[in-house]
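Here is how the chains run, residue by residue.
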Amino acid sequence: MNTQTLSSVTIETIENYRHAATAAVQAYRSGSQRLIEAVNAGLEKNVYARTEEVAPNLTLTMNQLRGNVTEIIVKGVDGVSANTEKVIAASSSAATERVAKVAEFAAGIDNRVVVTGLEAAVRLSLPGAKAALAVSAKVAEGADALSRAVAGEPVKAAVRKAAKPVQQTAVRAKRAVVRKATTAKAAVTRKAVAAKRGARKVVAA
């Protein structure tokens, strides 16, 4: 149980940082888009509105060039954001899978001495893991609030919305770890019972 608790806390921490990293990417995308829109609006209002009266053809050419450059920049921002989100998702999934495998392996150990040692290590590690989880939760909330603030949403609403997806994903990951660990433990137990029965038959014979 302690091993499962440590693994679930670790998985939840990984998910919080994944959410924080994704929110940071979203903030980068939203901030870049708003900056581009602000620059374009400033040019149209303060520059092109004046030059159009004096040099309409030149203003039209400059406006078309600005539109092309804006399109290239927007595509670049979207491309960087999409690729970064893919890397974040792949890395967090791989880390979660490794933690689940370790928990599954630990649950399948039938050596009492080894199990006792693992449980002692878990008891020592759990307080630090819980502290890291608390920090990661705050980081995720702050990153999500920043992302939504950059996008124009109120910060308080952002914090409330941030908690639900993080908690839901962490609960799903925790359930997956428990299922794997329970399955591994049951398999080991069945093998141990079968081995004892075989030994009894040999002794009886």
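Before reading on, note that the structure itself is shown above.
Residues numbered from 1 in each chain as written. Predicted model: local features only at pLDDT ≥ 70, side-chain atom pairs only at ≥ 80, totals over all residues. Heavy atoms only, no water.

Mind showing me how you'd approach the overall build of the chain here?
Secondary structure summary: the chain contains 4 helices and 0 strands in total. Reading the secondary structure of the chain in the N-to-C direction produces α-α-α-α. When the 205 residues of the chain are sorted by exposure, 28% land in the buried category. Partitioning the contacts of the chain with sequence separation of at least 6, the portion at a separation of at least 24 is 83%. As presented, the chain carries roughly 13,100 Å² of accessible surface, and 63% of it is formed by carbon and sulfur atoms. (Helix = DSSP H or I, 4+ residues; strand = E, 2+ residues; numbered from the N terminus. Buried < 20%, exposed > 50% of the residue type's maximum accessible area, 1.4 Å probe, protein only. Contact = heavy atoms within 4.5 Å. Areas by Shrake-Rupley, 256 points an atom, 1.4 Å probe, with all protein chains shown as cover.)

Explain the nonpolar core here, please?
Nonpolar side chains in soluble globular proteins tend to end up buried together. In this structure, Leu6, Val9, Val122, Leu126, Ala129 and Leu133 together form the largest nonpolar core, which totals 6 residues. At the level of elements, helix 1 (2-54) and helix 3 (112-151) are the ones that each hand at least two residues to this core. If near-sequence neighbours (up to four positions away) are discounted, Leu133 is found in contact with Val9, Glu12, Thr13 and Asn16. (Core = buried A, V, L, I, M, F, W, Y, C linked by side-chain atoms within 4.5 Å.)

Would you explain the pattern of salt bridges in this entry?
Going through the model one piece at a time under the given rule, you end up with 7 salt bridges. A salt bridge links Glu85 to Arg29, with the nearest nitrogen and oxygen atoms 3.5 Å apart. Taken as a pair, Glu85 in helix 2 (residues 56-107) and Arg29 in helix 1 lie far apart in primary sequence, 56 residues in all. By relative accessible area, which is 23% here, Glu85 ends up partly exposed. (Salt bridge = Lys/Arg side-chain N within 4 Å of Asp/Glu carboxyl O.)

I would appreciate a short explanation of the environment of Ala49 in the present structure.
Note that Ala49 resides in helix 1. Judged by its relative accessible area of 36%, Ala49 falls in the partly exposed class. Sequence separation of Ala49 and Thr59 is 10 residues, and the distance between their C-alpha atoms is 8.8 Å.

Any chance you could explain the side chain of Asn16 here in plain terms?
One can find Asn16 in helix 1. A distance of 3.0 Å separates the side chain of Asn16 from the side chain of Ser136, its partner in a polar contact. (Polar contact = N/O pair within 3.5 Å; in protein donor to acceptor, adjacent residues only side chain to side chain.)

Is there a simple way to think about a nonpolar patch on the surface in this case?
Where nonpolar side chains cluster on the molecular surface, the patch consists of Tyr17, Val135 and Val139 and spans about 240 Å² of accessible area. By secondary structure assignment, the location of Val135 is in helix 3. Val135 gets classed as partly exposed once you look at its relative accessible area, which sits at 45%. (Patch = residues over 30% accessible without salt bridge, like charges linked within 9 Å, V, L, I, M, F, W, Y side chains within 5 Å.)

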